[in-house]
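# Analysis of the macromolecular model
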Amino acid sequence: MTTTPTAGTSAPTVTPTVAAVVRVRRSRRTRRALVCLVLVVVVVAALGASLVYGQTVYSPREVLDVVLGRDVPGASFTVGRLRLPRAVLGLLAGTAFGLAGVAFQTMLRNPLASPDVIGISAGASTAAAFGIVTLGLSGTAVSTFAIVASLAVALTIYALSFKDGVAGIRLILIGIGIAAMLESLTTYVLSRAAQWDLQEATRWLTGSLNGARWSDVVPVLVAVVVLAPVLLHRSRDLWSMQLGDDTAAALGTRVERTRLLVVLAAVGLIAFATAATGPIAFVAFLAGPIAARLVGPGASLFVPAALVGAALVLVGDLAGQYAFDHRYPVGVMTGVLGAPYLVYLIVRTNRAGGSL
Amino acid sequence: MTTEHTLQIEGLQLGYGERTVIDGLDLTVPPGRITAIVGANACGKSTLLRSMSRLLTPRGGHVLLDGKQVHRQPAKALARTLGLLPQSPVAPEGITVADLVGRGRTPHQGLFHRWRHDDDLAVAAALDATGTADLVDRPVDELSGGQRQRVWIAMALAQQTDLLLLDEPTTFLDVSHQVEVLDLLTDLNRTRGTTIVMVLHDLNLAARYADHLVALAAGRIHAAGSPAEVLTEDCVHAVFGLRSLVITDPTSGRPLMLPLGRHHVREDATVER
C-alpha cells in the first residue's frame, strides 16, 4: 500500500507522489459514489414498497399508473391520497432531518450536537403542538410558528452557552436541558387539550407519518427545495471549519457568515419538517454518523446524510406499520435505534475524559 | 516565480472585548525574507499574527497587503496570496494526510467542487517538500507530533501562497523536530521566495533562523531588525524581564542568549565574553 517516497524531482509528468495523491482521492470518491448509489437504491425501494404494500397490495404497474396521474379504481384513492403523500412526506422529512442534523454536527464538530438532541426539534414540536392543539392554528401558520420557536430556542441555547465564545460541551448540555423542558411542555399542552386522540399525541411526542396529506407535504417540499441548496453551497466552507475557525478563515471561508446561514437553513429544515411530522426521534442525530461511517473520513456528508435520513424514515415507517402485530409510529422505530447510540456516545465521551 | 508582496502595518490597534492588546503598532514585513516575532507570553504575538490574515479586525490603523487593506479584500482572493497556520488546528477524525493537505486547495477552487490536475500536483509537491509523501494514505490522528506538524505545513504549502504566517509552528515538538520544521521553512523561503512570518517561542532558534527579528513587549514593538541588532542583553531584559548573557553562536555567527537565573550561574558570568 505504501508508495515510493519522494524522489524530489518535480517533473511535469506523474511522479509517484502525484500518483499516490490521485489514488487516495479516487478511492475516496469511488467509495462515496458507491455508497450514495446504494442509498438511492434503498430509498427508492423503500418508497416503492410503501406505495405497493398495505392492507390491499397493488401491483407496481397500478402504482406507477397512479403516480403518473392515470385513474385506477381503488388504487387512485388508496395510493394517490393515502400512501403517496405519506411516502413523499417521509422522504422529504427524512432528507430535511438528515441535512439539518449533519449541518449542526459538522459545524459544532460534535456528533451530540444534533438539533434533536439539543432542543431545536423540541422547540419546533412544542410550538406546533401548542399552535394546533391550543390555538387551533393550521397549515402555514403552524410552520411559521414552529420556525419562530425553534429559532428562539436556538438563540436561547446560544446565548446561555456563550461565555468567551461558545464551547461545544456547554452548548450541548444546555441544549439537552432545554430539550427536556420543552418535551415536558409538549406533554402538558397535550394533556390540557380538550380532545386529542392518541395518534395526534404520538406525533408530537415521537414523530409520525400517520394521516399525512398533500397539504402537509407542500411546506416541507418548499423548505427542502429552498434550503437544501443553501447547505450544499456551504458544504465546503463547513468542511474547512472542521479544521478550526482560524484555519477555515485562512482558507478563505467567511466563518461568521457561514455559521449564520447554516444555522438558519438547518433550523428552517428542522422546523418545517417537524411541523408536518413531529420530531421523528433521532433521525437528525443518526443520519450524519451513519453516513460518515459508510463513506469514510474526508468526504462531504450532506448528500449521503440526506439519503440516510430519508432511508431511516421510510424504512422505519414500513417496519413500524407492518413488522409487528401492532402498528407503531415511525418515531418509535427510529427512537429504538437512536437511543442506544446516544448512550454509547455519552459513555464513550465519558471514557475519553469528558473531552466532547 | 513569486511576486514580491508587501505587508505593512500602520498604527495598528487590536483587542478582545474591553482589553486592548496591541496599541499603535507599526511594522513592515520584509518581502522574500523570514521574519520571527518573539516576546513574553500574552504580549500580543498571536493577536498580531491573526490580524495580519484578517482573522481579527483592527480597532484602529491598517494592515496593508500590497498597499490595500487586508480586511477589505475578498476572503478567497486573500487566501490565495496569504496563508496562515494557526497554533492548534483541528484535524477531523480519521481524515487522511492526502485529504487534509488537499484542503489547502480550497481557495483555488470554484463554486462547484472542481478538482483539477493542478490541485493534485500542488498537493503532491507539498507532500514532497515536507517529506510526508509516504504518509499519504495514513489517518492524521495516528501520526506523531512531528509528522502531524509537517502535514499541517504541507496543507499550508498546498495553498501556494506567496506569504505564509505561522503561529508557533514548533510548539509541542521535540528539539530535533523543531529544527526540522525550521529547516523546512527555510528551504521554502529559499527555493520559492515565500515570505515567512512566524511567532516563535524559542529566542535562540528565532535568532538562528530569522532574517528579521521583531521583539514585542506589552503590545508594542520593542525592537526590530537583524537578530544581531535585536537580540541584546538589554532587549532580553526589557522584553522578558530576564537577566542574560548574549554571546555569538560559534556555529552560525548569530547571537545566542544564555539566561542568567538565580542558580547554577557563576558570579562573574556576565563579565565573560
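Residues numbered from 1 in each chain as written. Chains lettered and ligands numbered in written order. Predicted model: local features only at pLDDT ≥ 70, side-chain atom pairs only at ≥ 80, totals over all residues.

### What to know about the overall build of chain A
Helices and strands together make up the secondary structure of chain A, namely 14 helices and zero strands. Relative to the globule expectation of 21 Å for 356 residues, the C-alpha radius of gyration of chain A, 22 Å, shows essentially globular dimensions. Taken along its principal axes, the extent of the C-alpha atoms in chain A is 75 × 55 × 35 Å. Every one of the 356 residues in chain A was classed for burial, and the buried ones make up 51%. At a minimum sequence separation of 6, the contacts of chain A that also span at least 24 residues come to 74%. (Helix = DSSP H or I, 4+ residues; strand = E, 2+ residues; numbered from the N terminus. Rg over C-alpha atoms; globule rule 2.2 N^0.38 Å. Buried ≥ 20, exposed ≤ 12 C-beta atoms within 10 Å, placed from the backbone. Contact = placed C-beta atoms within 7 Å.)

### Some thoughts on the overall build of chain B
In terms of helices and strands, chain B carries nine helices and twelve strands. The globule rule puts the C-alpha radius of gyration for 273 residues at 19 Å, and the 19 Å found for chain B is close to it. Referenced to the eigenvectors of the C-alpha coordinate spread, the extents of chain B come out at roughly 65 × 40 × 35 Å. Counting over 273 residues, chain B shows a buried share of 47%. Pairs at least 24 apart in sequence give 66% of the contacts found in chain B among residues at least 6 apart.

### Observations concerning the confidence of the model for chain A
All names here are of chain A. Taken over all residues, the pLDDT of chain A has a mean of 86, while the share at 70 or more is 91%. The secondary structure element of chain A with the lowest average pLDDT is helix α7 (residues 198-205), at 72, and the one with the highest is helix α13 (residues 302-322), at 95. This model gives residues 1-11 a pLDDT under 50, and the stretch forms 19 contacts once residues within four places in sequence are excluded. (pLDDT = per-residue confidence, 0-100.)

### Digging into the sheet that holds strand β9 (residues 212-217) of chain B
Residue and element names in this part refer to chain B. Sheet architecture is open: six strands sit in the order β6-β7-β8-β3-β9-β10, paired in mixed fashion. Among the strands making up the open sheet, the edge pair consists of β6 (82-85) and β10 (220-225). Strand after strand, the sheet turns through a mean of 15° between neighbouring axes, direction not considered. Sheet analysis places β6 next to strand β7 (residues 163-167), joined by four bridges and oriented parallel. What sits directly across from L84, in β7, is L165. (Pairing = 2+ DSSP bridges. Axes fitted to C-alpha atoms, helices over the stretch in contact; angles between N-to-C directions.)

### Considerations on the interface of chain A and chain B
Note on interface size: it is often stated as the accessible area lost on association of the parts. Opposite the 31 residues of chain A that make contact, chain B presents 36 residues. At the level of elements, α1 (16-52), α9 (235-241) and α10 (245-250) of chain A are the ones that each hand at least two residues to the side of chain A that touches chain B. Across the side of chain A that touches chain B, the residue classes tally to twelve nonpolar, 14 polar and five charged. (Nonpolar A, V, L, I, M, F, W, Y, C, P; charged D, E, K, R; others polar.)

### A closer look at the pairing of strand β12 (residues 255-259) of chain B
Residue and element names in this part refer to chain B. Pairing geometry for strand β11 (residues 244-248) and β12, over five bridges, is antiparallel. Bridge pairing in β12 places L245 opposite L258. With antiparallel pairing between neighbouring strands as the criterion, β11 and β12 make up a hairpin whose turn holds six residues, including G253 at a positive phi of roughly 80°.

### Things to note about the confidence of the model for chain B
Parts of the prediction with low pLDDT should not have their coordinates interpreted in detail. Chain-level pLDDT for chain B is 89 on average; 96% of the residues reach the 70-or-more range. Confidence estimates for the predicted assembly give a pTM of 0.86 and an ipTM of 0.87.

### Looking at the environment of A311 of chain A
All names here are of chain A. By the secondary structure assignment, A311 is in helix α13. With 28 C-beta atoms counted inside 10 Å, the residue A311 sits in the buried group. Once you skip the residues sitting within four places of it in the chain, A311 turns out to touch L39, V42, V43, A46 and G94.

### Quick word on the nonpolar core
Residues and elements named next belong to chain A. If you look at the biggest cluster of nonpolar residues, it comprises 200 residues, and the most contacted ones within it are A96 and L269. With 16 residues, helix α3 (residues 75-107) is the largest single contributor of residues to this core. Discounting chain neighbours no more than four positions away, the residues touching A96 are V220, A223, V224, L269, I270, F272 and A273. (Core = buried A, V, L, I, M, F, W, Y, C linked by C-beta atoms within 7 Å.)

### What to know about unusual backbone geometry
All names here are of chain B. Its identity as a non-glycine residue notwithstanding, D66 has a phi of 50°, on the positive side. Among the residues examined, D66 registers 14 C-beta atoms within 10 Å and is labelled partly exposed. The phi dihedral of A218 falls on the positive side, at around 50°, and the residue is not glycine. Among the secondary structure elements, A218 is positioned in the loop between β9 and β10. On the basis of neighbour count, A218 is assigned to the partly exposed category, with 15 C-beta atoms found within 10 Å.

### A closer look at the sheet that holds strand β5 (residues 68-69) of chain B
Residues and elements named next belong to chain B. Taken in spatial order, the four strands of this open sheet run β2-β1-β4-β5, and their pairing is antiparallel. The open sheet has two free edges, formed respectively by β2 (19-29) and β5, since each of these has just one partner strand. Pairing geometry for strand β4 (residues 60-65) and β5, over two bridges, is antiparallel. By the bridge assignment, L65 is partnered in β5 with K68.

### Digging into the environment of G44 of chain B
Residue and element names in this part refer to chain B. Relative to the elements of secondary structure, G44 occurs in the loop between β3 (34-39) and α1 (45-52). Along the sequence, G44 and G219 sit 175 residues apart, while their C-alpha atoms lie 5.5 Å from each other. Each residue touching G44, except ones within four places of it in the same chain, is listed here: V21, I22, L216 and G219.

### Details of the packing of helix α8 (residues 214-233) of chain A against helix α11 (residues 255-277) of chain A
Residue and element names in this part refer to chain A. Look at α8 against α11: their axes get within 9 Å of each other, and the N-to-C directions meet at 165°. Comparing their axes, α11 and α8 come out roughly antiparallel. The element α8 and its partner α11 pack so that their crossing is left-handed. Of the residues in α11, those in contact with D216, P219, V220, A223, V224, L227, V230 and L231 of α8 are L261, V262, A265, A266, G268, L269, F272, A273 and A276. Partitioning the contact of α8 with α11 into residue classes produces 15 nonpolar, one polar and one charged. (Parallel < 35°, antiparallel > 145°, perpendicular 65-115°, else oblique. Left-handed = near helix turned anticlockwise from the far one by under 90°.)

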